[in-house]
Amino acid sequence: MKDGLLYLRPNIQVEPLFDYWYAWSHLIPPATAARNLTERHFKIMDSYINAPQVHANAVKNPKLLGGPFMDYGGKRVDEIRELRAQTKRLRPHLIELSDAINALDEILRTQAKGFSLQPLYHLAPDALKGYVELVYDLNHNPSFRLIEPLLYQSRYYDRSAQSLMLSVLTGDDRPFVLSTPRLESDSVFHLRVPFDDEVVDELFRLKSNPRPWGEIKEMLKPPESSEPLARSFFTPDPPPPYSPYRGSGLRWRYLGHACILLETPDVSILFDPVLSYTYESEVSRYTYQDLPDSIDYVVITHNHQDHVLFETILQIRHKVKNFIVPTSAGGFLQDPSLKLILKNIGCRNVIELDQMESLEFENGSITALPFLGEHSDLNIRCKAAHLARVGNRSLLFAADSCNLEPRLYEHLFRAVGNVDAIFLGMECDGAPLTWLYGPLLTRKIERAMDESRRLAGSNFAQAIDLVRQFNSKETYVYAMGQEPWLGHIMSLKYTEESRPITESNRLIQECSKHGIYAERLFGEKEILIENLCVKEAVSH
Ligand SMILES: [Fe+2]
Ligand SMILES: [Fe+2]
C-alpha cells in the first residue's frame, strides 16, 4: 500500500439520476424522457402526495410488486412535493415536448386519412416542427418519425437533469427504481455532474487506481458539510488482484442475470453488463473486481433496463474499448437509438450490428441474430441475440428472445449451423405492455389488450424447440432476474410454482433426458473450455 493513496470502496453505490429519478435508457432520449416525466414521474408523485399511505400499503403487498408505488413508508411527502415543484420549474421544455407528442398523435389520428400528409406539417405543434417526419405504413396507418440526433442537440436534451448519488450499500435491498425517486439525506453524497463528464471515469478508475484525498477532493468538490461523508467512501485498502484467464481456450463466467464475461487469450467480451457491488452476502457472486482492466467488447442484446444498466455501464465505461448494440428502427418513439443513447452518456466507439451482421476478431466473431417478441408487439427493432464463435466453439446468447415462430430458427440453423451452448431467458409470463411502455402511449389502452401484450420470453415448448433446432449440447437458462441484487430493477420474486420456474424446470429435465447438459444459472458460475480447435472449424 502506498501512503496516503485511496481507493473507492467496492460497496459504494453510485446511482445515476435524472431529476432524482433513477436513470434508465428511456430517460436519455428527449422524447421518451419527456413522456416518462409527465406520464410516470408526475403521476406517481401526484398520487403519493394525495395518498401516501396507499403507497406504503401497496409496497408491502407482494402482489403489487413492481407497481407504481413509492417506497417511503408514507413519509417524506413534503420532499416529494418540492421535487415535483422543482421539476415543473426546471423542465418546461420537456413538458411542452410531451404535450406536443400528445397533440401530434391526435392530429394524425383525426386528420391523416390516407391522403397526402403535407398539409399536416404546418398543423404540427411548434415544439416538434422540424424534428419529425410524418409517414404512413403501406396500409395508410399514420405515424411519425423523430429526427433523434437533432433532438439531442436541442433545448430538449438538458444534461443538467443528470447527476450521480453516492452512498454506502451493505445489502441487496434497494427500492424499485421505476417508482421511487431518490432523495437527499445525510448519508448520500450528490455529485452533480452529467453522465458524459470525465469526472465519472476518474471516479470509477479509483476502484483500482488510488489517488491522494487532496486530488479526489479537488475532483468531487464536496461542500464542506459533506466532506467527511465523501471522504468515508474511500479506503487505503486495495481490492484483491484480478485473476486473468491464462488458458489457451475460453473461459466464461456468469455474473448474474444476462451478464456473462467471455475471455480468450485474444479477446474479452462482456454481455449485458449488470453488476452487483462487493459486500458480505449469502449469495456468492462475481463483481466489478472480477473484470479485466480492459474489455474489448461490451455487447448489449436489447434496450430493457435489466440489459442496459447505466449504473454498471458508467462504472466500466473507462475500460471498454467498444460497445456493440443492435440497430434501432430509426426515430420511432418506442424504439430510440441505443447508439445515440450510449454516445450521449459518454460511451465511445459504439457500433451498431444489424441482423445477420458479424464482427470479426482474432480467432472468432460475434453475429447479431434476429430476436422476436418480448416487446409487446411494438415496432421495436433494437434487439438481437448474439452468436459468439471462438475457435470451433459457438455460444448463443439469446437473452429474452421469444420463439414465436420456430421457422425463424430453421432458417437460422441453415445460416449458422449447430450451436454448442445456448443461453436463454425464460421469463415467460412477462409484464404487460404499459409497465414499461405505458408513458409513451397517448391514448388509454384497454386492460385486456394490455394484459395480452406482454414482455414475455420463451416458455418450455418454445425453448425446447430452439434448443433442438441448433442441436445444442448445453443449455443455460439465464436472465431470470432472480439474483437478490437485481430487485431494484426487476421487482420479480418467483416461487417454486411460478411459471418461469416450472417451465424452465421442464426444459432442464427434458434436456437432461436427451443427454443435453442443462442448468438454470443463479449467482455465479465459471466454465473453462480448453483445447479449442482453431481456424478450420470457425467458418460454417
Ligand atoms: Fe427484455
Ligand atoms: Fe430481461
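So what about the pairing of strand 11 (residues 260-263)? Which residues, and what values?
Judged by which residues are buried, strand 11 turns out to be covered on both faces: I260 and L262 on one side and L261 and E263 on the other are all buried. Where strand 10 (residues 250-254) meets strand 11, four bridges bridge the pair, whose relative direction is antiparallel. Looking across to strand 11, one finds that R251 is bridged to E263. Counting the residues that bridge the hairpin from strand 10 to strand 11 gives five residues, and of these G256 lies at a positive phi of roughly 110°. Sheet topology note: the strand 11/strand 12 (residues 268-271) ladder contains four bridges and is antiparallel. When the sheet's bridge partners are listed, L261 is paired in strand 12 with L270. Taking the residues that link successive antiparallel strands as the turn, the strand 11-strand 12 hairpin has four residues.

Quick one: what's the story with the sheet that holds strand 6 (residues 162-168), residue by residue and with numbers?
One open sheet holds the four strands; their spatial order is 3-2-6-7, and the pairing between them is antiparallel. Two strands in the sheet have a free side with no partner beyond their single neighbour: strand 3 (21-22) and strand 7 (189-191). Sheet topology places strand 2 (residues 12-18) next to strand 6; seven bridges connect them, and they run antiparallel. Pairing of L17 across the sheet is with S163, part of strand 6.

Would you mind going over the layout of surface pockets in detail, with residue names and values included?
Put simply, the second largest pocket is a space of about 920 Å³. Around the second largest pocket, the lining is made up of 27 residues, and of these D105, S143, Q334, L378 and L441 lie nearest the centre. At the level of secondary structure, the elements contributing two or more residues to the lining of the second largest pocket comprise helix 4 (92-111), strand 4 (132-136), strand 5 (142-146) and helix 12 (433-437).

Tell me what's going on with the coordination of the iron ion (ligand 1), and back it up with residues and numbers.
Donor atoms from the polypeptide that bind the iron ion (ligand 1) are H302 (NE2), H304 (ND1), E374 (OE), E374 (OE) and D400 (OD), placed at 2.2 to 2.5 Å. Coordination of the iron ion (ligand 1) draws on donor residues from a single chain, spaced H-x1-H-x69-E-x25-D in sequence. Between the two metals, the iron ion (ligand 1) and the iron ion (ligand 2), the spacing is 3.4 Å, and D400 donates to both. Grouping residues by exposure puts H302 and H304 together as buried.

Describe the packing of aromatic side chains, and please don't skip the residues or the numbers.
Inspection of the entire model under this criterion finds 14 aromatic pairs. A connected cluster of aromatic rings, assembled from ring pairs, spans W252, F271, F397, F423, Y476, Y478 and Y517. Over the face of the ring belonging to Y288 we find K207, whose NZ or CZ atom lies 4.6 Å from the ring centre. The cationic tip of R231 hangs over the ring face of W213; the distance from NZ or CZ to the ring centre is 6.0 Å.

Please give an account of the sheet that holds strand 14 (residues 320-326) that cites residues and values.
Read from one edge of the open sheet, seven strands run 15-14-13-12-11-10-23, paired in mixed fashion. The open sheet is flanked by strand 15 (350-353) and strand 23 (525-529), the only strands paired with a single partner. In this sheet, neighbouring strand axes are inclined to one another by 20° on average, regardless of whether the strands run parallel or antiparallel. Bridge count between strand 14 and strand 15: four bridges; the pairing is parallel. In the sheet register, P326 faces strand 15, and the bridge partner there is L353.

Rules and cut-offs
Residues numbered from 1 in each chain as written. Chains lettered and ligands numbered in written order. Predicted model: local features only at pLDDT ≥ 70, side-chain atom pairs only at ≥ 80, totals over all residues. Heavy atoms only, no water. Buried < 20%, exposed > 50% of the residue type's maximum accessible area, 1.4 Å probe, protein only. Helix = DSSP H or I, 4+ residues; strand = E, 2+ residues; numbered from the N terminus. Pairing = 2+ DSSP bridges. 1 Å grid on protein atoms, 1.4 Å probe; cavity = no way out; pocket = protein on both sides within 12 Å on 5 of 7 lines; lining within 4 Å. Points joined across faces, edges and corners; volume = space filled by probe spheres on them. Donors = N, O, S within 2.8 Å, 3.2 Å for Na, K, Ca; no water. Phe/Tyr/Trp six-rings, centres within 6.5 Å; stacked < 30°, edge-to-face > 60°. Lys NZ or Arg CZ within 6 Å of the ring centre and 35° of its normal. Axes fitted to C-alpha atoms, helices over the stretch in contact; angles between N-to-C directions.

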